[in-house]
Amino acid sequence: MTARVLIVDDIPTNVRLLEARLTAEYFEVLTATSGREALAICDRADIDLVLLDVMMPEMDGFEVCRRLKGNLKTHHIPVVMVTALDQPSDRVRGLEVGADDFLTKPVDDIQLMARVKSLVRLKALTDELRARAQTGQQIAVEDALRAMDSITTDNGRILLIDTDQRHAERVAGYLRDNNEVEVLTNPSDAVLALAGGDFELVLVSMALGEFDALRICSQIRTLEQGRTLPIILIAEDVDRNRVVRGLDLGVNDFIMRPVERNELSARVRTQIRRQRYAVELRESVNHTLALAVTDELTGLYNRRYFERHLSLMLGKAQEQSRDMALMLIDMDFFKAVNDTHGHDIGDAVLKEFALRLRRNIRGVDLACRFGGEEFVVLMPDTDFRQAQSVAERVRQAVAERPFEAGAQRPLNITVSVGVALNDAEGDTPELVLKRADIALYRAKREGRNRVIFDAA
């Protein structure tokens, strides 16, 4: 694992020490001696992690972190505060301004590498999701990033796994003011509990008696619901080496006993915020993928999707000597609807037509908006008789009932339909579509509101 790490400290000795440790692990290291220099570097360079000293002149680490997290361009960069301050209130303040974690001077090598590797993995996942959204549609990722500002951490749904009921209730009591906490004292039921619940975070005690806490974490990661679920370990000082192993297994964070209420609350808020942000990003990616293949107005597949699918289905039909039909539909005199009633009424007509089209084709048929007021239906395993039946049903569904589209009176709409069959060995997608297009224009020339088959 490699990444670009920025070390920010006004004391050169501290910088050189951290730089040597990270370089030995093959990380690329950049350095800054002031908060302003750090902000400038993060703004222009692709930084994967910031190790940020708290006590600096002019601008302290808390302010630098606040500015990084307040900038849409840099707020996704993980920040680890490095400080000689050991008061819980200072750690909580760092987490509240957006820091992802902290290290206390002198920095312990094991903790340094554990924190760095864990957060670099998180950054890589975030970058992948951001890149997918940006590839599909820039506006989608911008919406997701803006949504980060509105994400709250209230009412988090937490599963606490601890065989010691007394300890578990004390920890749960620290969190129940702002969260829903379910305590599980039998770790063997963890998989069942997660499968049946909608949790956003799991707290796992390292002291589970005969149960191995790391095996429980591993089992959680094998579940579909648990692959991206944040996990925080509650550990003793003697558990340090096993905590490092846990971080390598995919555990997100840990807290040492005795558990300090404010620090626990801050760490829980941080993980829940990340989880909700990741959900926003995933939904954004899914929405972007849907936009890439569907027509926004009608909800039908778009022309780009249809052309790829037609090529695939025609190839299968030819390989297996099976029938296939293509229906091209054009709404008659649709320009007059827009010109007379306005484009909002025209859009309502298109949406209503798409609904009628869906209801009157078969489940195996694929309906797409080809462009404007033109639609196409791909009908696999369909011969002349079946194609004629479906096409006529669609035509009648449009013509027999006026459209209630918000105009002053219902609108009488008709469609012309051209149908082509896959009946030639050398057919290409372009040829089949061309024959359906020729049949469609014949339907228009012969009076509209009719179905015409190609003459091939």
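For the structure itself, consult the block above.
Residues numbered from 1 in each chain as written. Predicted model: local features only at pLDDT ≥ 70, side-chain atom pairs only at ≥ 80, totals over all residues. Heavy atoms only, no water.

### Considering helix α13 (residues 334–341)
Okay, so step 1: Turning to α13, its buried residues number three or more, namely Phe334, Val337 and Asn338. Projected down its long axis, α13 carries its buried residues within an arc of 95°, all on one side. For α13, the exposed residues lying more than 90 degrees away from the buried face are Lys335, Asp339 and Thr340.
Okay, so step 2: Close packing links the buried residues of α13 with β11 (324–331) and α14 (343–360).
Okay, so step 3: Just past α13, the residue glycine 342 takes up positive phi, approximately 100°. (Buried < 20%, exposed > 50% of the residue type's maximum accessible area, 1.4 Å probe, protein only. Helix = DSSP H or I, 4+ residues; strand = E, 2+ residues; numbered from the N terminus. Arc of directions from axis to C-beta. Contact = heavy atoms within 4.5 Å.)

### A short note on the pattern of salt bridges
Opposite charge on two side chains permits pairing when their charged atoms draw close.
Okay, so step 1: Scanning all chains against the criterion turns up 39 salt bridges.
Okay, so step 2: Between lysine 73 and aspartate 43 there is a salt bridge whose closest N-O contact spans 3.9 Å. One end of the pair, lysine 73, is in the loop between α3 (61–70) and β4 (79–83); the other, aspartate 43, is in helix α2 (residues 35–44), with 30 residues separating them in the sequence.
Okay, so step 3: Here aspartate 237 makes a salt bridge to arginine 240, at a shortest N to O gap of 2.8 Å. (Salt bridge = Lys/Arg side-chain N within 4 Å of Asp/Glu carboxyl O.)

### Some words on the pairing of strand β7 (residues 179–184)
Okay, so step 1: In the sheet, strand β6 (residues 156–161) pairs with β7 via 6 bridges, with the strands oriented parallel. Bridge pairing in β7 links glycine 156 to asparagine 179.
Okay, so step 2: In this region the chain leaves β6, passes through helix α7 (residues 165–175) and returns to the parallel neighbour β7; the handedness of that crossover is right-handed. (Pairing = 2+ DSSP bridges. Right-handed = clockwise from strand over helix to strand, strands pointing away.)

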